[in-house]
Amino acid sequence: MKTKTQVELLAPAGDVKRAIIALDYGADAIYLGGKDFSLRAHAANFTDDEIREIVQIAHSRGKKVYVTVNIIPRNNDFDQIIDYAKRLDTLKIDAVIVADLGVIKVFREHTSLAIHVSTQANITNKHTALEFVRLGATRLVLARELNITEIKEICDAVKGQAEIEVFVHGAMCVSYSGRCLLSNYMTNRSSNRGDCAHSCRYKYVLQEIKRPNEYWPIEEDEHGTYIMNSRDLCLINRLQELIDAGVASFKIEGRVKSTYYVAGVTHAYRQALDGIKRDYLTELDKISHRPYTTGFTFEKVPTQYYPAAREEQTYEFIGLVTDSNTMLLKNKINPGETIEILSPNLDVDGKTFVWQGAMQNQPETSVEICGCPYNLHTNDILRRPKPQQPSSDQI
């Protein structure tokens, strides 16, 4: 049985900067998309040269890079997919993440790359899992609708033949494993081709056809009308049960999330896997999120989030340290404010100091760090409590 430190922590990378942040803050591997076919059209994504660059950086640290090619393709996509597969094969990536049987066939015939099957493939049973193994898959990313018993059964079925990966943190989709057409119909943006408009987060009303100017709210309780608005998945306090079930990789969602999100979430899960004792939920509340749920993994039906579609967080990102004396400013800072350090370096992580410089209010400018008595490191993050902390429903 794997120990916590033997299980892979897999973090998202929307661009080169966030890839490096994920590696700095404790990811064992990162997953990213190229400019095409990666189901995240609104992430910056990576050119071939950038993939080559981040692979070299990751491998120099003993870490891995997986590339997503997990759209649901049409006939006219395949000439480009074949060409892209051949290019990826030269970039020394560690695996490709795919969802479609035709794309699996392309990578088997034209590359020597390891094949990971995406959660988009809806693997919900051991028979499907074993068939993907027969087709050459070395890892299976399970559907998020499974409970812990079903996960264990699939792990047992493929043991010794393929690894099992599960999502442990991040946004969830109201539709089954992301197979949604709501965005297509409402905005002509295809969720299965990386361009989801997140129509499930909208606020809806009921209208009777003969009364076009009269609207009735759709309410499931006293809070409001966001009937398809999912909470965020958070399994940080249940990792041991997943390890005992046989899971080999823990995946964090978020290729379109911020640098601060990637750093904070990766850091919290790294510390949980390394056995560093702290209140992880309080830490994760400091980062942008919707109220947390343990999802289908440990609940029969996950609860939705009715009050609003917005996210919440108890702390805000002030600056990204560029060297020991300067930072890239992200939000205004005032004299006398207490600043907390988020860092993968335990000598300064969680330390606080009082800002002793003048007010700074020009985001994306380089400013001198004033009043910090600690030796900061490149890519440390400075943050502060938000003036008004929203309430958060806990798990």
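Residues numbered from 1 in each chain as written. Predicted model: local features only at pLDDT ≥ 70, side-chain atom pairs only at ≥ 80, totals over all residues. Heavy atoms only, no water.

> I would appreciate a short explanation of helix α3 (residues 78-89) in the present structure.
One turn of the α-helix equals 3.6 residues, which is why residues spaced by three or four share an orientation. The end-to-end C-alpha distance of α3 is 16 Å, a good match for the 16 Å that 12 residues give at a rise of 1.5 Å each. Residues I81, Y84, A85 and L88 constitute the buried set of α3. Each buried residue of α3 sits inside an arc of 105° when the element is viewed along its axis, so together they form one side. Contacts from the buried residues of α3 go to α2 (48-60), β3 (64-69) and α4 (101-110). (Helix = DSSP H or I, 4+ residues; strand = E, 2+ residues; numbered from the N terminus. Expected span 1.5 Å × (residues − 1). Buried < 20%, exposed > 50% of the residue type's maximum accessible area, 1.4 Å probe, protein only. Arc of directions from axis to C-beta. Contact = heavy atoms within 4.5 Å.)

> Would you explain the sheet that holds strand β14 (residues 326-329) in this entry?
Backbone hydrogen bonds hold the strands of a sheet together, and the pairing may be parallel or antiparallel. Ordered in space as β16-β15-β18-β13-β14-β17, the 6 strands form an open sheet in which the pairing is antiparallel. Both outer strands of the open sheet, β16 (352-354) and β17 (366-368), are each paired with one neighbouring strand and no more. Neighbouring strand axes in the sheet, compared pairwise and without regard to direction, differ in orientation by 35° on average. Both strand β15 (residues 338-342) and β16 contribute to a ladder of 3 bridges, which runs antiparallel. Bridging across to β16, I339 finds its partner in F353. (Pairing = 2+ DSSP bridges. Axes fitted to C-alpha atoms, helices over the stretch in contact; angles between N-to-C directions.)

> Got a minute to help me understand the packing of aromatic side chains in this structure?
Each aromatic ring pair is described using two quantities: the centre-to-centre distance and the angle formed by the ring planes. The final tally for this structure, using the stated rule, is 2 aromatic pairs. With centroids separated by 6.0 Å and ring planes inclined at 45°, the aromatic side chains of F37 and Y84 adopt a geometry described as tilted. Placement of the pair is F37 in the loop between β2 (29-33) and α2 and Y84 in helix α3, with a sequence separation of 47 residues. According to the relative accessible area criterion, F37 is buried, its value standing at 11%. Judged by centre distance (5.4 Å) and plane angle (25°), the ring pair of Y260 and F317 falls under stacked. Of the two residues, Y260 sits in helix α9 (residues 259-273) while F317 sits in strand β13 (residues 315-323), which places them 57 residues apart along the sequence. Under the relative-accessibility criterion, Y260 is labelled buried at 4%. Over the ring of F298 we find R238, and its NZ or CZ is 3.8 Å from the ring centre. Over the aromatic face of Y261 sits the side chain of K257, whose NZ or CZ is 5.0 Å from the ring centroid. (Phe/Tyr/Trp six-rings, centres within 6.5 Å; stacked < 30°, edge-to-face > 60°. Lys NZ or Arg CZ within 6 Å of the ring centre and 35° of its normal.)

> Looking at this structure, I do not really get the pairing of β2. What am I missing?
The side chains of a regular strand alternate between both faces of the sheet. Taken across its 5 residues, β2 has 5 buried, putting it largely inside the fold. Neither face of β2 is exposed, since A29, Y31 and G33 on one face and I30 and L32 on the opposite face are all buried. Bridge count for strand β1 (residues 8-12) against β2 is 3 bridges, and the pairing is parallel. Looking at β2, one finds that L10 is bridged to A29. Traced from β1 through helix α1 (residues 16-24) to β2, the parallel crossover comes out right-handed. Bridge count for β2 against β3 is 5 bridges, and the pairing is parallel. By the bridge assignment, G33 is partnered in β3 with T68. (Right-handed = clockwise from strand over helix to strand, strands pointing away.)

> Sorry, what's going on with the pattern of salt bridges here?
Here the idea is simple: oppositely charged side chains can pair when their charged atoms come close. The final tally for this structure, using the stated rule, is 28 salt bridges. The partner of E163 in a salt bridge is R139, and the shortest N-O contact between them spans 2.8 Å. Of this pair, E163 sits in strand β7 (residues 163-171) while R139 sits in strand β6 (residues 139-141), placing them 24 residues apart in sequence. The partly exposed category is assigned to E163, whose relative accessible area is 34%. Residue classification places R139 among the buried residues on the basis of a relative accessible area of 3%. A salt bridge links E283 to R278; the shortest N-O distance between them is 3.2 Å. Assessed through its relative accessible area of 31%, R278 is described here as partly exposed. Bridged by salt links that share partners, the residues R278, E283, K286, E340, D349 and R383 form one connected network. (Salt bridge = Lys/Arg side-chain N within 4 Å of Asp/Glu carboxyl O.)

> Would you take a moment to explain the environment of K257 for this structure?
Structurally, K257 is set in the loop between β11 (249-252) and α9. When its relative accessible area of 13% is taken as the criterion, K257 is described as buried. Taking the C-alpha atoms as reference, K257 lies 9.1 Å from R18; in sequence the two are 239 residues apart. Every residue in contact with K257, bar those within four places of it in the chain, is listed here: R18 and E311. In terms of polar contacts, K257 uses its side chain to reach the side chain of E311, at 3.0 Å. (Polar contact = N/O pair within 3.5 Å; in protein donor to acceptor, adjacent residues only side chain to side chain.)

> Please explain the layout of surface pockets as it appears in this structure.
Once rolled over the atoms, a probe with the size of a water molecule shows which space is left empty. Within this model, the second largest pocket holds a volume of roughly 320 Å³. Lining the second largest pocket we find 17 residues, and of these C155, K159, A245, G246 and V247 sit closest to its centre. Secondary-structure elements contributing two or more residues to the lining of the second largest pocket are α6 (148-158), β7 and α8 (239-245). Counting residues per element, the lining of the second largest pocket draws most heavily on α6, at 4 residues. Across the lining of the second largest pocket, the residue classes tally to 9 nonpolar, 2 polar and 6 charged. (1 Å grid on protein atoms, 1.4 Å probe; cavity = no way out; pocket = protein on both sides within 12 Å on 5 of 7 lines; lining within 4 Å. Points joined across faces, edges and corners; volume = space filled by probe spheres on them. Nonpolar A, V, L, I, M, F, W, Y, C, P; charged D, E, K, R; others polar.)

> Teacher, can you tell me more about the packing of α1 against α9 here?
α9 packs onto α1 with a crossing angle of 15° between their chain directions and a minimal axis gap of 9 Å. One element, α1, and the other, α9, form an angle in the roughly parallel class. Crossing of α1 against α9: the hand is right-handed. Two secondary-structure elements touch here, α1 through R18, I21 and A22 and α9 through T259, V262, A263 and T266. For the contact of α1 with α9, the per-class residue count stands at 4 nonpolar, 2 polar and 1 charged. (Parallel < 35°, antiparallel > 145°, perpendicular 65-115°, else oblique. Left-handed = near helix turned anticlockwise from the far one by under 90°.)

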